[in-house]
Amino acid sequence: MIWLVAFLSCIGLICAKPPSINEVDNSRVIGGQNAAPKTWKWQVSLQLDSYGEGFFSHICGGSLLNSYHIMTAAHCILSSNPRQYRVVAGEYDLEKDEGSEQFIHVEKIIVHPGWTGDLGIGNDIAVLKLVEPVYDNGYTEFARLPYAHQTLPNGFTCYITGWGSMDYWGTTPSVLQVAPLPVVEHSICSTPEWWGSIARETMVCAGGDGVVSGCQGDSGGPLSCFIDGAWRVHGIASFVAAGMCNQYQKPTVFTRVSSFIDWIYSVSRH
């Protein structure tokens with residue numbers, strides 16, 4: 001995830017700090033466990049070829065919107081050249097070729113017009129159009145989205161998934177991780193003891209127990225919540241606290257998908 005006041009050159013979930021603190025850092029799934037195979041099938045790995053040599057590495061997560069589009073965080077876009085990116089759908093173990101993966105290059109990058117590079121302002125969302133369609137091979141599924149402006153009650157349990165760091169030392173898993181995160185409603189998350197004014201109504205706070213959180217490499221990935229009879233992606237991993245990602249009363253912060261429904265549908269129709 002990304003930091004909060006200035007855009008750090010970090011990859012993955014960048015960390016934000018309270019206004020009184022200046023450091024920024026990255027974020028990951030800490031306190032999680034291996035996801036079961038063939039679950040969370042809307043999760044994708046966003047990969048970057050940093051030097052144009054054909055070697056791609058995981059930088060962020062994302063959610064499969066439809067055959068041609070994925071949704072991720074705007075701060076994951078480190079290059080404006082779509083040819084430097086590819087999306088891997090049906091991924092589970094980054095270190096193994098399991099036959100379930102679909103490796104597809106990116107044709108177009110669409111960053112939300114309100115994104116300024118400042119996580120504290122929000123609008124940390126982007127949609128990528130793929131060169132070829134993702135097909136249903138039993139390992140992929142399109143994400144369901146919430147209703148416009150839908151919010152979740154305090155304490156509602158959602159799940160973060162990703163391949164981000166698992167500890168302070170940056171240990172990264174090869175297998176997709178999953179961890180439960182209870183929602184912290186805006187009226188609480190925006191108090192001085194929590195994130196204060198940094199937490200906006202266009203964001204979702206989840207976690208904050210000092211044990212489980214997102215971290216480096218989880219940025220852009222989904223916060224999935226079972227509501228209205230289906231799993232729905234309510235959040236896009238955006239930032240966490242600098243230093244130790246899993247800080248008490250500093251929950252992982254996600255872009256609130258329900259605040260951007262109209263924009264998401266408008267840019268993913270073609």
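Given the structure is predicted, the values throughout are model-derived calculations rather than measurements.

J.: How would you summarise empty space enclosed by the protein if you had to cite specific residues and measurements?
T.: Tallying each qualifying case throughout the model produces one cavity of 30 Å³ or more. In this model, the largest cavity occupies a volume close to 40 Å³. Considered class by class, the residues forming the lining of the largest cavity number three nonpolar, five polar and one charged. Both domains that furnish three or more residues to the lining of the largest cavity are identified here as domain 1 (43–142 + 263–268) and domain 2 (156–258).

J.: Account for the state of the cysteines, naming residues and giving values.
T.: Summed over all chains, the structure comprises four disulfides. Between the sulfur atoms of Cys158 and its disulfide partner Cys225 the distance amounts to 2.1 Å. Between Cys158 and Cys225, the S-S torsion sits near 110°, and that sign places the bridge as right-handed. Highlighted residues: Cys158 in strand 10 (residues 157–162) and Cys225 in strand 14 (residues 222–227), separated in sequence by 67 residues. When its relative accessible area of 0% is taken as the criterion, Cys158 is described as buried. Here Cys215 is linked by a disulfide to Cys245, with a sulfur-sulfur distance of 1.9 Å.

J.: Residues and numbers for unusual backbone geometry, please.
T.: You will see that Lys38, though not glycine, has its phi angle at about 60°, which is positive. Along the chain, Lys38 turns up in the loop between strand 3 (33–34) and strand 4 (43–48).

J.: Give a detailed account of the pattern of salt bridges, specifying residues and quantitative values.
T.: Taken as a whole and assessed by the stated rule, the structure comprises one salt bridge. Across the salt bridge formed by Lys129 and Glu107, the nearest N and O atoms sit 3.8 Å from each other. Highlighted residues: Lys129 in strand 9 (residues 126–130) and Glu107 in strand 8 (residues 102–111), separated in sequence by 22 residues. Residue Glu107 is classed as partly exposed on the basis of its relative accessible area of 42%.

J.: Go over the sheet that holds strand 8 with me, naming the residues and quoting the values.
T.: Whether parallel or antiparallel, the strands of a sheet pair through hydrogen bonds between backbone atoms. With respect to topology, six strands assemble into a closed barrel ordered 4-5-6-9-8-7, the strand pairing being antiparallel. Across this sheet, the average inter-strand angle for adjacent strands is 45°, counted without regard to direction. Sheet analysis places strand 5 (residues 57–66) next to strand 6 (residues 69–72), joined by three bridges and oriented antiparallel. By the bridge assignment, Ser63 is partnered in strand 6 with Met71.

J.: Can you break down a nonpolar patch on the surface residue by residue, with the values?
T.: The grouping of Tyr168, Trp169 and Met244 at the surface amounts to a nonpolar patch, some 410 Å² of accessible area in total. With respect to the element layout, Tyr168 can be found in the loop between strand 10 and strand 11 (177–184). By relative accessible area, Tyr168 is classed as partly exposed at 45%.

J.: So what about the confidence of the model for the chain? Which residues, and what values?
T.: Across the chain, pLDDT averages 89, with 90% of residues at or above 70. Taken together, the stretch residues 2–12 has pLDDT below 50 and engages in 54 contacts with residues farther than four places along the chain or on a different chain. Across residues 14–28, confidence stays below pLDDT 50; counting only partners more than four residues off in sequence or on other chains, it has 88 contacts.

J.: I'd love a proper account of the packing of aromatic side chains, names of residues and values included.
T.: Tallied over the full model, the rule gives six aromatic pairs. Taken together, a centroid distance of 5.8 Å and an interplanar angle of 75° make the contact between Tyr159 and Trp231 edge-to-face. Residue Tyr159 is located in strand 10, and its partner Trp231 is located in strand 15 (residues 230–241); the two are separated by 72 residues in the primary sequence. Look at Tyr159 and you get partly exposed, because its relative accessible area is 27%. Accessibility expressed as a relative area gives 32% for Trp231, which makes it partly exposed. Pairing Phe226 with Trp231 gives two aromatic rings, centres 5.4 Å apart and planes at 65°, and the pair type is edge-to-face. On the basis of relative accessible area, Phe226 is assigned to the partly exposed category, the value being 44%. An aromatic cluster of at least three residues, connected via ring pairs, comprises Trp40, Trp42, Tyr159, Phe226 and Trp231.

Each value, and the rule that gives it
- Residues numbered from 1 in each chain as written.
- Predicted model: local features only at pLDDT ≥ 70, side-chain atom pairs only at ≥ 80, totals over all residues.
- Heavy atoms only, no water.
- 1 Å grid on protein atoms, 1.4 Å probe; cavity = no way out; pocket = protein on both sides within 12 Å on 5 of 7 lines; lining within 4 Å.
- Points joined across faces, edges and corners; volume = space filled by probe spheres on them.
- Nonpolar A, V, L, I, M, F, W, Y, C, P; charged D, E, K, R; others polar.
- Domains from an automatic or database assignment.
- Disulfide = S-S within 2.5 Å.
- Helix = DSSP H or I, 4+ residues; strand = E, 2+ residues; numbered from the N terminus.
- Buried < 20%, exposed > 50% of the residue type's maximum accessible area, 1.4 Å probe, protein only.
- Salt bridge = Lys/Arg side-chain N within 4 Å of Asp/Glu carboxyl O.
- Pairing = 2+ DSSP bridges.
- Axes fitted to C-alpha atoms, helices over the stretch in contact; angles between N-to-C directions.
- Patch = residues over 30% accessible without salt bridge, like charges linked within 9 Å, V, L, I, M, F, W, Y side chains within 5 Å.
- Areas by Shrake-Rupley, 256 points an atom, 1.4 Å probe, with all protein chains shown as cover.
- pLDDT = per-residue confidence, 0-100.
- Contact = heavy atoms within 4.5 Å.
- Phe/Tyr/Trp six-rings, centres within 6.5 Å; stacked < 30°, edge-to-face > 60°.

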